[in-house]
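Below, each chain spelled out in residue letters.
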Amino acid sequence: MTRPRATLPTATLGIIFAAINAIGVDAFGPARQLLPGVPALASSSISTGVSFPSSSALGSYLDSLGASGGSSGASTPPVAASSAQGRVPILAGNWKLNPATLSDAANLCQGLAAKADASRVEVVVFPPFPYLSMAISMLEGTGIKVGAQNCALATSGAHTGEVAVSMIRSLGCSHVLLGHSERRSIYGETEADINAKVHLCLEEDPSLGVILCVGETEEEYDSGLLRSIVDVQIKKGLARVNQSDLPRIVIAYEPVWAIGTGKVATPEQAQIAHEAVRQTLADMFGVASDTVRIQYGGSVTPDSIDSLMIMPDLDGALVGGASLSADSFARIVEGGAASGL
């Protein structure tokens, strides 16, 4: 099963969006939302492959600091539309509290740079905070973006141990991951906290994206509460968000019972959940919600990605453990790209 590519309805629209491509997508974001059938703009800045002058991945990074003084991982438009709504598959790797050392993280980045093809899909990795700058530098030129796993509720001041959105963006991060079930259950983040962080990210920089995680526990799933749980989480998480900011938002549906357990929802189960997510988005934002991408997360593996991605409302994956292997994550990226052919 393949997804049909979007086509422009008239020659006039072709002229209009050729002009948009020349001027830049941000200036015409609101206009694009009125025409959800128009494909996303192609990026002329994405390339694959990167070489390192020294034999050590960490040494390569340290060498690059002196040469470049750091890099900007600024967000670029997705490279190709994959559906009638112009939704580009987005494959993201959440490294969580891994790997153990900077050297290990550098080796992972080097492997991703060599093996993960980001030319046809959007690819984002979320390393721990200490590795962000290194990852941005080592993945520059590969098309692989780098995001932060969380952000502070405060913007500055006496908040020991916190990291502000402005700090994250100034490094060159393209996305912030918010509302993950581990942040909710272990660190007690509330729906109000998550919504406040969403607004901080959206207000910080027009090119900073948000991946908002939602999902139910096994007990809630068994009680038939999936739809009501994700409905509440989305409505509270995106409360007071402007329709014009929808292109910057990705929803990651992660059934809590599948995260790190080895259990994976069947493609049909995942599709039902994603339909519920999309219905809530439609209730909130109308037809403009068709452009919002919805990822599946929960023990995604190289073996499960193909069957998941054939579902019409699955626009990518948020990957945990499998993203810590360059070979595994590259295969998952390949599976996501194949869904757009």
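Residues numbered from 1 in each chain as written. Predicted model: local features only at pLDDT ≥ 70, side-chain atom pairs only at ≥ 80, totals over all residues. Heavy atoms only, no water.

1. Some words on the nonpolar core
Move 1: Core analysis: the biggest nonpolar cluster contains 75 residues, and Leu-112, Leu-238, Ile-251, Leu-281 and Tyr-296 have the highest contact counts within it.
Move 2: Ile-90, Cys-213, Val-250 and Leu-318 belong to the second largest nonpolar core, which has 10 residues in total. (Core = buried A, V, L, I, M, F, W, Y, C linked by side-chain atoms within 4.5 Å. Buried < 20%, exposed > 50% of the residue type's maximum accessible area, 1.4 Å probe, protein only.)

2. What to know about the sheet that holds strand E4 (residues 175–178)
Move 1: Read around the closed barrel, 8 strands run E1-E2-E3-E4-E5-E6-E7-E8, paired in parallel fashion. Within this sheet the neighbouring strands show an average axis-to-axis angle of 25°, counted without direction.
Move 2: Here 2 bridges tie strand E3 (residues 144–148) to E4, and the two strands are oriented parallel to one another. Each bridged residue has a counterpart across the sheet, and for Gly-147 the counterpart in E4 is His-175.
Move 3: Helix-sheet contacts for helix H13 (residues 326–338) involve strand E1 (90–94), strand E2 (122–126) and strand E8 (316–319), and the interaxial angle to E1 is about 160°. (Pairing = 2+ DSSP bridges. Helix = DSSP H or I, 4+ residues; strand = E, 2+ residues; numbered from the N terminus. Axes fitted to C-alpha atoms, helices over the stretch in contact; angles between N-to-C directions. Contact = heavy atoms within 4.5 Å.)

3. Here's the deal with unusual backbone geometry
Move 1: Along the chain, Asn-98 connects to Pro-99 via a cis peptide bond; the corresponding omega equals -15°.
Move 2: Positionally, Pro-99 belongs in the loop between E1 and helix H4 (102–115).
Move 3: Its identity as a non-glycine residue notwithstanding, Lys-96 has a phi of 55°, on the positive side.
Move 4: Looking at the secondary structure, you find Lys-96 in the loop between E1 and H4.
Move 5: We classify Lys-96 as partly exposed; its relative accessible area is 22%.
Move 6: In this structure, Ser-299 is a non-glycine residue whose phi angle is positive, near 60°.
Move 7: Checked against the element boundaries, Ser-299 lands in the loop between strand E7 (293–297) and helix H12 (305–309).
Move 8: Accessibility expressed as a relative area gives 17% for Ser-299, which makes it buried.

4. Brief notes about the pairing of E1
Move 1: In terms of burial, E1 is largely enclosed, as 5 of its 5 residues are buried.
Move 2: Residues Ile-90, Ala-92 and Asn-94 of E1 are buried on one face, and the alternating residues Leu-91 and Gly-93, pointing to the opposite face, are buried as well.
Move 3: Pairing of E1 with E2, which is carried by 5 bridges, proceeds in the parallel orientation. Paired with Ile-90 across the bridge in E2 is Glu-122.
Move 4: In terms of strand pairing, E1 meets E8 through 4 bridges, oriented parallel. Residue pairing for E8: Ala-92 is matched across the bridge by Leu-318.

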